[in-house]
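# Topology and contacts: notes
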Amino acid sequence: MKTDTLLIRTPEGVVFSQQLAGPATRFLAWGIDLGCIGVVMIILNLITLLFVLLSPGLGEAFDILGYFVISIGYGIACEWLWRGQTVGKRVLHIRVVDAEGLRLQFNQIVTRNLLRAVDALPGMYFLGGLVCWFNGKCQRLGDIAANTVVIRQPRLTEPDIDQLLPAKYNSLRLYPHLAARLRQRVSPGEAAAALQSLLRRDEFEAIPRVELFSELARHFRAKVDFPAEALDGITDEQYIRNIVDVVYRARK
């Protein structure tokens, strides 16, 4: 059954919902990326002219090889360096992620980009778009093979952390290198889930509230291993408050 929302359950039992990007949005992102590739190809053609002067055959070979490397390498390089995004995906706020909520691996990026040639058949991504339209997770063939999905990444409004956590001591900030690593590894969806748990904590009964923050704490502890002294004497709820403080508070 086709749905616009993907539910991801982590090994720790925390469930995150992600809004899937549809075929139209993905096609527009591809169009932007195609324009970027076109600009690079223009530069490549200028370089090819130099090779043609030396040898017409060498220039043609360089042009063909350059097109293959750029058309395939563009997606691989961007999605690896920008954690699942290309220029087009950044503009339209969508991102490639692992379908099971795990960390996106380099081999997954390579697989989905190599299969673009198949998805593009017979032209204009017809086959990939058709598969994406009927697939329950809006996956093209490359996504299915790589076990990836493309999700929407809406802009998150920065909360007023000073009101949420007024004058609170945060032991995690004693380890700035680990705090920076935490900001890198926590996705916007995970950060939003932690924030909402704090904003709505008074809506929960005592036992469900304890269980919720216990599951969230277990999930975020797996992201970065802070020293024991940084966690000594704080509850799971306080730990999540510290996490939200590290992830959201503007750096001074």
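Take the overall build of the protein chain next. Secondary structure assignment for the protein chain yields 13 helices and four strands. Looking at the protein chain as a whole, 40% of its 252 residues are labelled buried. For the protein chain, contacts bridging at least 24 residues in sequence account for 68% of all contacts bridging at least 6. As presented, the protein chain carries roughly 14500 Å² of accessible surface, and 63% of it is formed by carbon and sulfur atoms.

Further remarks concern the environment of Gln153. Structurally, the position occupied by Gln153 is in the loop between β4 (148-152) and α8 (161-164). Given the relative accessible area of 16%, Gln153 is considered buried. Sequence separation of Gln153 and Gln18 is 135 residues, and the distance between their C-alpha atoms is 8.4 Å. Other than its neighbours up to four places away in sequence, Gln153 contacts Gln85, His93, Ile94, Arg95 and Pro188.

When you line up the elements, Asn135 lands in the loop between α6 (126-134) and α7 (141-146). Among the polar contacts listed, one links the side chain of Asn135 to the backbone nitrogen of Lys137, at a separation of 2.8 Å.

The next point concerns the packing of aromatic side chains. Considering all chains together, one arrives at three aromatic pairs under this definition. Ring geometry for Trp80 versus Phe106: centroids 5.3 Å apart, planes at 75°, classification edge-to-face. Of the two residues, Trp80 is situated in helix α2 (residues 56-81) and Phe106 in helix α4 (residues 106-114); the sequence distance between them amounts to 26 residues. Site record: aromatic cluster; members linked through ring pairs are Phe27, Trp30 and Tyr125. Cation over ring: Arg90 sits above Trp82, and NZ or CZ is 4.4 Å from the ring centre. In this structure, Arg221 packs its charged tip against the face of Tyr239, placed 4.7 Å from the ring centre.

Calculation criteria
Throughout, residues of each chain are indexed from 1 in the direction in which the sequence is written. In keeping with the predicted nature of the model, local features appear solely for residues at pLDDT of at least 70, side-chain atom pairs appear and are counted solely at 80 or more, and the whole-chain, interface and lining totals rest on all residues. Values shown for side chains rest on all heavy atoms present in the structure; no hydrogens or waters enter the calculation. Secondary structure is summarised from DSSP: a helix means a run of H or I of at least four residues, a strand means a run of E of at least two, and numbering begins at the N terminus for each. Per-residue accessibility, obtained with a 1.4 Å probe over protein chains only, is compared with the maximum for each type, and a residue is labelled buried under 20%, exposed over 50%, and partly exposed between these values. Any two residues whose heavy atoms approach within 4.5 Å at even a single point are treated as in contact. Here the Shrake-Rupley method, with its probe set to 1.4 Å, supplies the accessible areas, and only the displayed protein chains count as covering residues. Polar contact criterion, stated in full: a pair of N or O atoms within 3.5 Å, where within protein one must be able to donate a hydrogen and the other to accept it, and residues adjacent in sequence count only if both atoms are side-chain atoms. Any Phe, Tyr or Trp ring, taking Trp's six-membered ring, that has another such ring centre within 6.5 Å forms a pair; planes under 30 degrees apart are called stacked, those over 60 apart edge-to-face, and the others tilted. Sitting over a ring, as applied to charges here, requires NZ of Lys or CZ of Arg to be within 6 Å of the ring centre and within 35 degrees of the ring normal.

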